[in-house]
Amino acid sequence: MRLGVLDVGSNTVHLLIVDAHPGAHPLPANSTRRLLRLAEHLTLDGAIDDAGIEALTDAVAAAAAAAEDAGVTEMLAFATSAVREAVNGEDVLDHVERTTGVRLQVLPGTAEADLTFLAVRRWFGWSAGRLLVLDIGGGSLEVAAGLDEAPDVSFSLPLGAGRLTRDRLAGDPPAPEAVRDVRRWVRQQVASRVRDVARAGTPDHVVVTSKTFRSLARLTGAAPAAEGPAVRRVLRRDDLAPWVPKLVAMSARQRAELPGVSAERAPQVLAGALVAEAAFELLGVEEALVCPWALREGVILRRLDAITAGAVDGGHGVVGAGN
């Protein structure tokens, strides 16, 4: 079957089309992105403004048309922190559905963490042992840890690279005082959940995913994307540390000239580096593997699991069969 996954994040609207079957590796058929920066359309009272609603609606309509043209049989459409936290989020969802016919499902932060963890587990397999997974998005940081396919601990913190840049790192480059304030606040947020992570046990591997972490890994010497997703990529704390003060002193234009940093991500990469540095130091991470699969792949895998369960149980579900 051909599945479409529509991911409405804080930065982009991303459509991933895959050919997928239960028990098989999902094969990407097409991927398109539209830069939206929905979080920048928030008003002072926390609502998405009219321009943001129309831009989102146009992006979803375009994605739906592209999915139809590609022969997609099922669309899995979801939104994350920008819509989740908007005070008019339900109204936005209703408007998008009335106009495009697509109903976006809002994922809680813990669901984001759980689905990303599932994708990472399937990519690395059971031999990877106990995992700690970190994902920096535009609006939030997701953390999950555990031994199985469902994490023992998962949570979300308001430490997205786009959110921090918009709310706390004004200026190009931002003032040193602002950077110090963000660094302090980020560390307080991460420190508040260290004990939760510790209760999940010492990880055999730490894994990072998302565009922000991939950019930081490339910046510190990891292989470029052109070498393919299967190449082993690592982000090390000691390699990241000297880059943080360099990024602080650079303008967005200068950051965009660095390897692995696109022009659209350049304003946010400093905030991402501050979050990554804090998470690594406070959680005792020396190095992390970079996983090419993340939330979108987790959504696909969860759907395929549901299809398999329905087939095994004649369409009633595995849990129902045992009752």
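For the structure, check the block above.
Owing to the predicted nature of the structure, the values given are computational and were not obtained by experimental measurement. (Residues numbered from 1 in each chain as written. Predicted model: local features only at pLDDT ≥ 70, side-chain atom pairs only at ≥ 80, totals over all residues. Heavy atoms only, no water.)

Chemist: Explain the nonpolar core to me, and be specific about the residues and the numbers.
Modeler: Among the nonpolar cores identified, the biggest contains 51 residues, and Leu 132 and Leu 134 are the most heavily contacted of them. Among the elements that take part in this core, helix α12 (residues 269-282) stands out by supplying ten residues, more than any other. Those residues within four positions of Leu 132 in sequence are excluded, and the remaining contacts are Val 143, Ala 144, Ala 145, Val 197, Pro 203, His 205, Val 206, Val 207, Leu 283 and Val 285. Counting 25 residues, the second-largest nonpolar core is a separate cluster that includes Ile 48, Ala 77, Leu 93 and Leu 104. (Core = buried A, V, L, I, M, F, W, Y, C linked by side-chain atoms within 4.5 Å. Buried < 20%, exposed > 50% of the residue type's maximum accessible area, 1.4 Å probe, protein only. Helix = DSSP H or I, 4+ residues; strand = E, 2+ residues; numbered from the N terminus. Contact = heavy atoms within 4.5 Å.)

Chemist: Can you tell me about the environment of Arg 180, naming the residues and giving the values?
Modeler: Looking at where Arg 180 falls in the secondary structure, it is placed in helix α6 (residues 176-191). Taking C-alpha positions, Arg 180 is 33 Å from Trp 293, a pair spaced 113 residues apart along the chain.

Chemist: Go over the sheet that holds strand β7 (residues 141-146) with me, naming the residues and quoting the values.
Modeler: Taken in spatial order, the six strands of this open sheet run β8-β7-β6-β9-β11-β10, and their pairing is mixed. Looking at strand neighbours, the two that pair on one side only are β8 (153-157) and β10 (234-236), the edges of this open sheet. On average, each strand axis in the sheet is inclined to that of its neighbour by 25°, with strand direction left out of account. Pairing of strand β6 (residues 131-136) with β7 involves six bridges; the strand directions are antiparallel. Within β7, the position partnered with Ile 136 by the bridge is Leu 141. Docked against the sheet, helix α4 (residues 109-124) engages β6, β7, β8, β9 (205-209) and β11 (287-290), running at close to 55° with respect to β7. (Pairing = 2+ DSSP bridges. Axes fitted to C-alpha atoms, helices over the stretch in contact; angles between N-to-C directions.)

Chemist: Kindly report on the pairing of strand β2 (residues 12-19), identifying the contributing residues and their values.
Modeler: With respect to burial, β2 is a largely interior element, seven of its eight residues being buried. In this structure, strand β1 (residues 2-8) lies alongside β2, joined through seven bridges in antiparallel fashion. The partner of Val 5 across the bridge, within β2, is Leu 16. Between β1 and β2, which pair antiparallel one after the other, the connecting turn spans three residues. Sheet topology places β2 next to strand β3 (residues 27-35); eight bridges connect them, and they run antiparallel. The residue of β3 that forms the bridge with Leu 15 is Thr 32.

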